[in-house]
Every structure is written in C-alpha cells, then in structure tokens.
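Read off the chains here:
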Amino acid sequence: MAREYTPESLRSALDAAAIDGRIRGWRPNEAAPWKRGGTERPFYLFVTLADGTEIDLRNMRETFAFVSGLPR
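Note that the structure is predicted; figures quoted are calculated from it, not measured.

(A) Geometry of unusual backbone geometry. Despite not being glycine, Arg36 shows a phi value in the positive range, around 50 degrees. By the secondary structure assignment, Arg36 is in the loop between strand S1 (23–28) and strand S2 (45–49).

Right, dumping it as structure tokens:
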C-alpha cells in the first residue's frame, strides 16, 4: 500500500533532505503554467542535487518518487 502524501509532506521531506545534505536545496518553479484555466497553482519544483545538478520535478508523483529514492 502506498503512503499518502501531500504538498506539505513532500516539501517537508525535501527540507529534511537539504538539512541532511542529501540535496543542496529546492525551489518552486515560478514560471510553471497554472492549471484549470489559471485557478490552480502547479506543483512544479526545481531540486539541486548534492553534486550541483538541477532537476525538475513536474508534479507530486515525480516528487514522491524522487523523495522515496533518496538515501536515508
């Protein structure tokens, strides 16, 4: 059974990964297009890996997979 995740829990997990040094940091993509005719803010993040590479996570599912795959 998959764990339930929310935008807040994913952001918290990314914050914890940054504090632990598993990633350098993350930030929202402010230029991502809004959904549903401009009424729903997208969940689209940039994550900077420990080696300095930046990746984009385009939705909550991608972010959950990324966070789940981080070493603990």
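(B) Spatial organisation of the nonpolar core. In terms of nonpolar packing, the biggest core is built from eleven residues, these being Leu10, Leu14, Ala17, Ile23, Phe43, Leu45, Val47, Leu57, Phe66, Val67 and Leu70. Of all the secondary-structure elements, those providing two or more residues to this core are helix H1 (7–20), S2 and helix H2 (60–69). Among residues more than four places away in sequence, those in contact with Phe43 are Pro7, Leu10, Arg11, Leu57, Arg58, Asn59, Met60 and Thr63.

(C) Fine view of the pattern of salt bridges. If you walk through the whole model with that rule in mind, you get five salt bridges. A salt bridge links Asp20 to Arg22; the nearest nitrogen and oxygen atoms lie 3.2 Å apart. Under the relative-accessibility criterion, Asp20 is labelled exposed at 55%. A salt bridge links Arg27 to Glu54; the nearest nitrogen and oxygen atoms lie 3.2 Å apart. Within this pair, whereas Arg27 is found in strand S1, its partner Glu54 is found in strand S3 (residues 54–57), the two being separated by 27 residues in sequence. Taking the relative accessible area as the measure of exposure, Arg27 reaches 41% and is therefore partly exposed.

About the criteria used
Residues numbered from 1 in each chain as written. Predicted model: local features only at pLDDT ≥ 70, side-chain atom pairs only at ≥ 80, totals over all residues. Heavy atoms only, no water. Helix = DSSP H or I, 4+ residues; strand = E, 2+ residues; numbered from the N terminus. Core = buried A, V, L, I, M, F, W, Y, C linked by side-chain atoms within 4.5 Å. Buried < 20%, exposed > 50% of the residue type's maximum accessible area, 1.4 Å probe, protein only. Contact = heavy atoms within 4.5 Å. Salt bridge = Lys/Arg side-chain N within 4 Å of Asp/Glu carboxyl O.

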